[in-house]
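# Reading the structure
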Amino acid sequence: MQETIITVAGSSRLRRNPERARVRIGVGFEGSKRDSVLAATRAAHESLTGSLETLLDEQHGPVIVWSSEEIRVWGQRPWSQDGTRLPVEFHSAVFVDAEFDDFEALSEWIDVVAIREGIAIDGIDWLLSPETEHEVQTEARRSAVVDALEKAHEYAEALGLGDIRALAVADPGLLESSAVAPLEAPATMALARAMPAAGGGGMELRPSTIAVEATVHIRFAASPAAAL
């Protein structure tokens, strides 16, 4: 008996409350003297990273990890309104990233550092812990497979077919590949991001839920329905 091939895409979308927050802080100054700009940047940078170091505890937080770029200083000569070149102006920039697992501690820390000269909060990404992320991604993949299976059964029933069996499982776009199909589809995580309030009024901490999505393509073979 000839089987009918049914190919479907299954999907799943799960939401979870964030457990961590990654904040990005920028430090920068400008002035006519390079040494002064660099000195001010170093002082602000050391104060900022020093405050993070006092909060750092990889196991218990509130700061799980932090990192910093190298300080950059450059000069440029702007143009005046009448078209003449003005003296050189020096600029500096360095970004620091820190991951918090305590949102109240993060809010208090931001209230302190955001008012310092030369420091600006660039944004916050809301995250899950690695353990939770893995668990939710696994759940999303399995839910996507269940969704695909339900679709295939519905198609088979609508066509008057009988039992179905899976022939191939693949990530999106790989079903036609000659490579061995993976058992699970990849899950993607959409991160929520907080941005500085308009007008430079500081950062509004409002954690947003995190969406974890998974899609899987499955090819089934459906047998003809058994005769009564």
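As a further point, take helix H2 (residues 103-113). Listed in full, the buried residues belonging to H2 are Ala 105, Leu 106, Trp 109, Ile 110 and Val 113. The arc enclosing the buried residues of H2, seen along the axis, measures out at 135°, which places them on a common side. In H2, those exposed residues whose orientation departs by more than 90 degrees from the buried face are Glu 104 and Asp 111. Lining the buried residues of H2 we find strand S2 (20-27), helix H1 (34-55), strand S6 (89-100) and strand S7 (119-127). Where H2 begins, the capping side chain belongs to Asp 102, and its oxygen is found 3.0 Å from the backbone nitrogen of Glu 104.

This paragraph deals with a negative patch on the surface. Among the surface-exposed residues, Asp 102, Glu 104, Glu 108 and Asp 111 lie close enough to one another that they form a single negatively charged patch. For Glu 108, the position within the fold is in helix H2. The class of Glu 108 is partly exposed, set by a relative accessible area of 47%.

This part takes up the pattern of salt bridges. Any two side chains of opposite charge can pair if their charged atoms end up close together. Throughout the structure, instances matching the rule amount to nine salt bridges. We note a salt bridge from Arg 20 to Glu 99, for which the minimum N-O separation is 3.1 Å. With Arg 20 in strand S2 and Glu 99 in strand S6, this residue pair connects regions lying 79 residues apart in the sequence. Accessibility expressed as a relative area gives 13% for Glu 99, which makes it buried. Linked by salt bridges that have partners in common, Arg 24, Glu 69, Asp 97 and Asp 122 make up one network.

We now examine the environment of Ser 80. Secondary-structure assignment places Ser 80 in the loop between strand S5 (72-76) and S6. Side-chain polar atoms of Ser 80 contact the side chain of Asp 82, separated by 2.2 Å. Reaching out from Ser 80, the side chain makes a polar contact with the side chain of Thr 84 at a distance of 2.7 Å.

Put simply, side chains in a regular strand alternate between the two faces of the sheet. When you tally the buried positions in S7, you get seven out of nine residues, the bulk of the element. Sheet topology places S2 next to S7; eight bridges connect them, and they run antiparallel. Note that in S7 the partner of Val 27 across the bridge is Ile 119.

What follows is about H1. Every α-helical turn comprises 3.6 residues, leaving residues that sit three or four positions apart pointing alike. Along its 22 residues, H1 runs 32 Å from first to last C-alpha, staying within 8% of the 32 Å computed at 1.5 Å per residue. When H1 is considered as a whole, its buried residues turn out to be Val 37, Leu 38, Thr 41, Ala 44, His 45, Leu 48, Thr 49, Ser 51 and Leu 52. For H1, the angular spread of buried residues about the axis comes to 165°, placing them on one side. Relative to its buried face, H1 has exposed residues pointing more than 90 degrees away, namely Asp 35, Glu 46 and Thr 54.

Let's shift gears to the pairing of strand S11 (residues 210-224). Summarising the sheet, strand S1 (residues 4-16) and S11 pair through 13 bridges and their orientation is antiparallel. Residue pairing for S11: Ser 11 is matched across the bridge by Thr 215. Here strand S8 (residues 161-170) runs beside S11; their pairing, made up of seven bridges, is antiparallel. In the sheet register, Val 169 faces S11, and the bridge partner there is Ile 218.

The rules we used
- Residues numbered from 1 in each chain as written.
- Predicted model: local features only at pLDDT ≥ 70, side-chain atom pairs only at ≥ 80, totals over all residues.
- Heavy atoms only, no water.
- Buried < 20%, exposed > 50% of the residue type's maximum accessible area, 1.4 Å probe, protein only.
- Helix = DSSP H or I, 4+ residues; strand = E, 2+ residues; numbered from the N terminus.
- Arc of directions from axis to C-beta.
- Contact = heavy atoms within 4.5 Å.
- Polar contact = N/O pair within 3.5 Å; in protein donor to acceptor, adjacent residues only side chain to side chain.
- Patch = residues over 30% accessible without salt bridge, like charges linked within 9 Å, V, L, I, M, F, W, Y side chains within 5 Å.
- Areas by Shrake-Rupley, 256 points an atom, 1.4 Å probe, with all protein chains shown as cover.
- Salt bridge = Lys/Arg side-chain N within 4 Å of Asp/Glu carboxyl O.
- Lys, Arg positive; Asp, Glu negative; His and termini not counted.
- Charge placed at Lys NZ, Arg CZ, Asp CG, Glu CD.
- Pairing = 2+ DSSP bridges.
- Expected span 1.5 Å × (residues − 1).

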